[in-house]
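Structural characterization, general
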Amino acid sequence: CIFSIILYNQKPAGLVRLDLADSSEKIHFEVSLLVSHDKKRLGIGKAALLCARQMAPNSIFHAEISPDNKASDALFKSLGYLPENDQYRTSFPKQ
């Protein structure tokens with residue numbers, strides 16, 4: 001597990017976590033993102049996901065997103081995460 005506290009103006013604003021998933025081919029992580037309610041819509045989540053990608057550039061990321069969470073779905077979609085099914089989006093390494 002890679003666990004990182006997100007700082008904004010030197011204060012905690014959320015967290016991003018990468019959990020290693022079982023796979024025999026490539027390294028897969030399930031990515032979790034939490035941004036403090038009062039820090040949403042500031043680009044913090046997007047920046048955190050971009051940093052997570054830099055930490056594991058050759059890995060496949062999976063994100064479980066509640067169908068009701070339109071903002072989260074839009075964020076992951078804007079970063080190129082593709083739909084896997086109704087609840088998961090997947091990001092592949094750049095070729």
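Everything discussed here concerns the structure shown above.
Described below are features of the structure shown in this document. (Residues numbered from 1 in each chain as written. Predicted model: local features only at pLDDT ≥ 70, side-chain atom pairs only at ≥ 80, totals over all residues. Heavy atoms only, no water.)

Here the focus is the packing of aromatic side chains. Scanning all chains against the criterion turns up 2 aromatic pairs. Judged by centre distance (6.2 Å) and plane angle (85°), the rings of Phe29 and Phe61 are edge-to-face. Note that Phe29 is positioned in strand β3 (residues 28-35) and Phe61 in strand β4 (residues 60-64), a separation of 32 residues in sequence. Given the relative accessible area of 0%, Phe61 is considered buried. Measuring from centroid to centroid gives 4.9 Å for Phe76 and Tyr81, while their planes differ by 85°, and the two rings are edge-to-face. Here the two residues Phe76 and Tyr81 agree in accessibility, since each one is buried. Lying over the aromatic face of Phe61, Arg53 brings its terminal NZ or CZ to 4.0 Å of the ring centre. (Phe/Tyr/Trp six-rings, centres within 6.5 Å; stacked < 30°, edge-to-face > 60°. Helix = DSSP H or I, 4+ residues; strand = E, 2+ residues; numbered from the N terminus. Buried < 20%, exposed > 50% of the residue type's maximum accessible area, 1.4 Å probe, protein only. Lys NZ or Arg CZ within 6 Å of the ring centre and 35° of its normal.)

Turning to the environment of Cys1, a few remarks are in order. Following the sequence through the fold, Cys1 ends up in the segment before β1 (2-8). The exposure class assigned to Cys1 is exposed, which follows from its relative accessible area of 66%. Between the C-alpha atoms of Cys1 and Phe29, which are 28 residues apart in sequence, the distance is 8.7 Å.

Judged by pairing direction, the sheet is mixed, and its 6 strands sit side by side in the order β1-β2-β3-β4-β6-β5 without closing on themselves. Only two strands of the sheet have a single neighbouring strand rather than two, namely β1 and β5 (82-83). Contacts from helix α1 (residues 44-55) reach β1, β2 (11-21), β3, β4 and β6 (88-91) within the one sheet, and its direction differs from that of β3 by about 155°. Across the sheet, helix α2 (residues 70-78) touches β3, β4 and β6, and the angle it forms with β6 is around 20°. (Pairing = 2+ DSSP bridges. Contact = heavy atoms within 4.5 Å. Axes fitted to C-alpha atoms, helices over the stretch in contact; angles between N-to-C directions.)

This structure, assessed with the given rule, holds 3 salt bridges. Across the pair Arg17 and Asp19 runs a salt bridge, and its minimum N-O distance is 2.6 Å. Judged by its relative accessible area of 23%, Asp19 is partly exposed. Its salt-bridge partner being Asp38, residue Lys39 comes within 3.3 Å of it at the nearest N-O pair. (Salt bridge = Lys/Arg side-chain N within 4 Å of Asp/Glu carboxyl O.)

Let's shift gears to unusual backbone geometry. With phi around 65°, Gln10 is a residue other than glycine that occupies positive phi space. Relative to the assigned elements, Gln10 resides in the loop between β1 and β2. According to the relative accessible area criterion, Gln10 is exposed, its value standing at 73%. For Arg41, which is not glycine, the phi torsion reads 70° and is therefore positive.

For β4, the tally of buried residues reaches 4 of 5 residues, placing the bulk of the element in the interior. Sheet analysis places β3 next to β4, joined by 3 bridges and oriented parallel. Residue pairing in the sheet places His28 in a bridge with Ile60 of β4. For the handedness criterion, the β-α-β arrangement of β3, α1 and β4 is classed as right-handed. In this structure, β4 lies alongside β6, joined through 4 bridges in antiparallel fashion. From the neighbouring strand, Ala63 faces β6, where its bridge partner is Arg89. (Right-handed = clockwise from strand over helix to strand, strands pointing away.)

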